[in-house]
Each structure stands twice: as structure tokens, then as C-alpha cells.
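The primary structure of each chain is shown beneath.
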Amino acid sequence: GKAYLKDYMPLTARLDVSSGRYDFLVSAFLKDRPEDLLVGMKGYADMSGNRDHFSASAVINQLNATLFGYSFSNESDISFEMKDKKIFLPMGRMRSGTMSFKVSGNIEIASGYDLVIEGSSSLTPVKGFFRRIETIRGDTEFVFSITGKWDSPKVNGGVTISNAFFGVKDIPHRISSINGY
């Protein structure tokens, strides 16, 4: 057969995303895919455009993600928009145990980042990254920005630590009352 695709060629569509695994969608946005990446979600997207432009708005009702040994889920619906290659993220909050964070800003696919990640956590997960830490307790609040080019993003930010206590294996003394930025 033959098809003639010329002129404006408008497009409108609604996509209903059933509960299921969608790791492959997230992998497209990651430079290095974590080995344990799993993404399950449910939601919908409304799309429109033509041969020159594309836009979409999406709502994710259910999002469960596992990466780097942690599992996260959304606390409420997450909505975002896409206009051509730019994705706009509102403040969607995710939770994993005592950790909670939100992401806002935008990503321009294959171009750059302008994101802010804010959250809080217990210090307990830090123990998994350092073999010599025997015990650790306390709380953190953090804010990070990811800006710059797609291939060389810049990460800036800080962490506030409060009421921290930790001990190192083979050292009998513990350090306590740690507070700072």
C-alpha cells in the first residue's frame, strides 16, 4: 500500500497504563542502568502534536521503583508534562521506609538537567555503604541540584545532620551528639 504523510498531520491520543513493569521506559533516561532496576506503575497520559511538535501530560497513580537496593513508592499522584524534548516535573514525593524525597524541575532529553531533589532520611542506610561502621543513628535533611549538560551534569547541594551517633568496628569509643551541615 501507499501512505501520504504531508502537511500538518495532527495527533491526539490517550494512553492508559495498566499496572505492570516499565523499567525499559526509565532506562532511556539513565546513563548507567542500575542492575537491580525495577519500575512498576499505573496511570495515564494525554498526548497531542503534529509532525513538528509533541506534548503530553501524564498522571502516575501508582509508582514503585527499586534501585541500588532500595524500594520507593509514591505518596500521592505524580503528574508531569512533556513539550517536545523537555520534561517538566512538579514536586512528586516518594518514600522508602524512613526516607522521603521530592523532585522538581525539568529535563531536556539529550540536552540537559535543571532538577532539585529535597528530602529527609534516617542515617541508618549509610551503614550499608561502609563496612567499618558498626552502629549509626540520627537524622538528615538534604537538598541537591542537578544542572548542566546531559553528558556532564553538575551535582551541588548539602546535608544537615542532627542527633547523630556512630561507632566504628574495633574502636571502643562512640561519637555522639553530632549536629551540622
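What comes next is a walk through the structure. Source: prediction; values computed, not measured.

Scoring rules and cut-offs
Residues numbered from 1 in each chain as written. Predicted model: local features only at pLDDT ≥ 70, side-chain atom pairs only at ≥ 80, totals over all residues. Heavy atoms only, no water. Phe/Tyr/Trp six-rings, centres within 6.5 Å; stacked < 30°, edge-to-face > 60°. Helix = DSSP H or I, 4+ residues; strand = E, 2+ residues; numbered from the N terminus. Buried < 20%, exposed > 50% of the residue type's maximum accessible area, 1.4 Å probe, protein only. Lys NZ or Arg CZ within 6 Å of the ring centre and 35° of its normal. Core = buried A, V, L, I, M, F, W, Y, C linked by side-chain atoms within 4.5 Å. Contact = heavy atoms within 4.5 Å. Polar contact = N/O pair within 3.5 Å; in protein donor to acceptor, adjacent residues only side chain to side chain. Pairing = 2+ DSSP bridges. Salt bridge = Lys/Arg side-chain N within 4 Å of Asp/Glu carboxyl O.

What describes a pair of aromatic rings is the distance from one ring centre to the other and the angle between the planes of the rings. Counted under the stated rule, the structure contains 4 aromatic pairs. When the ring of Phe-72 is compared with that of Phe-101, the centres are 5.3 Å apart and the planes differ by 85°; the resulting orientation is edge-to-face. Here the residue Phe-72 occupies a position in strand E4 (residues 70-74), and Phe-101 occupies one in strand E7 (residues 99-108), the gap between them amounting to 29 residues. Comparing Phe-72 with Phe-101, the two get one shared label, buried. The interplanar angle of 35° and the centroid separation of 6.0 Å between the aromatic rings of Phe-142 and Phe-144 together place this pair among those described as tilted. The aromatic ring of Tyr-44 is capped on one face by Arg-14, whose charged end is 4.1 Å from the ring centroid.

The next subject is the nonpolar core. Of all hydrophobic cores here, the largest spans 14 residues; its most connected members are Met-41, Leu-63, Met-94 and Phe-101. Mapped by element, the contributors of at least two residues to this core are strand E2 (38-49), strand E3 (54-67) and E7. When residues in this core are grouped by element, the largest group, 3 residues, is from E3. Residues in contact with Met-41, not counting those within four places in the same chain, are Val-17, Ser-18, Ser-19, Gly-20, Tyr-22, Leu-25, Ile-60, Gln-62 and Leu-63. By size, the runner-up hydrophobic cluster in this structure holds 5 residues, among which are Tyr-113, Leu-115, Ile-146 and Trp-150.

Looking now at the side chain of Ser-96. The residue Ser-96 is located in strand E6 (residues 86-96) in this model. There is a polar contact of 2.6 Å between the side chain of Ser-96 and the backbone oxygen of Ser-71. Beyond its immediate chain neighbours, meaning those up to four positions away, Ser-96 contacts Tyr-70, Ser-71 and Phe-72.

A few words now on the pairing of E6. In terms of strand pairing, E4 meets E6 through 2 bridges, oriented antiparallel. Bridge assignment links Ser-73 to a residue of E6, and that residue is Arg-95. Pairing geometry for strand E5 (residues 78-83) and E6, over 3 bridges, is antiparallel. From the neighbouring strand, Lys-83 faces E6, where its bridge partner is Lys-86. Where E5 hands over to E6, the hairpin turn is made up of 2 residues, of which Asp-84 adopts a positive phi near 55°. Of the pairings in the sheet, the one linking E6 to E7 comprises 9 bridges and is antiparallel in character. Bridge pairing links Ser-96 to Met-99 in E7. Taking the residues that link successive antiparallel strands as the turn, the E6-E7 hairpin has 2 residues, and the phi of Gly-97 there is positive, at about 55°.

We now examine the pattern of salt bridges. Tallied over the full model, the rule gives 7 salt bridges. Between Arg-14 and Asp-16 there is a salt bridge, with the nearest N and O atoms lying 3.6 Å from each other. The closest approach of N and O atoms between Glu-75 and Arg-95, which form a salt bridge, is 2.5 Å. One end of the pair, Glu-75, is in the loop between E4 and E5; the other, Arg-95, is in strand E6, and 20 residues separate them in sequence. What makes Glu-75 partly exposed here is its relative accessible area of 40%. Residue class for Arg-95 comes out partly exposed when judged on its relative accessible area of 34%. Within the structure, one salt-bridge network assembled from shared partners comprises Arg-14, Asp-16 and Asp-46.

We now examine the environment of Ile-171. Mapped onto the elements, Ile-171 comes out in the loop between strand E10 (152-168) and strand E11 (174-180). Between the C-alpha atoms of Ile-171 and Val-116, which are 55 residues apart in sequence, the distance is 38 Å.

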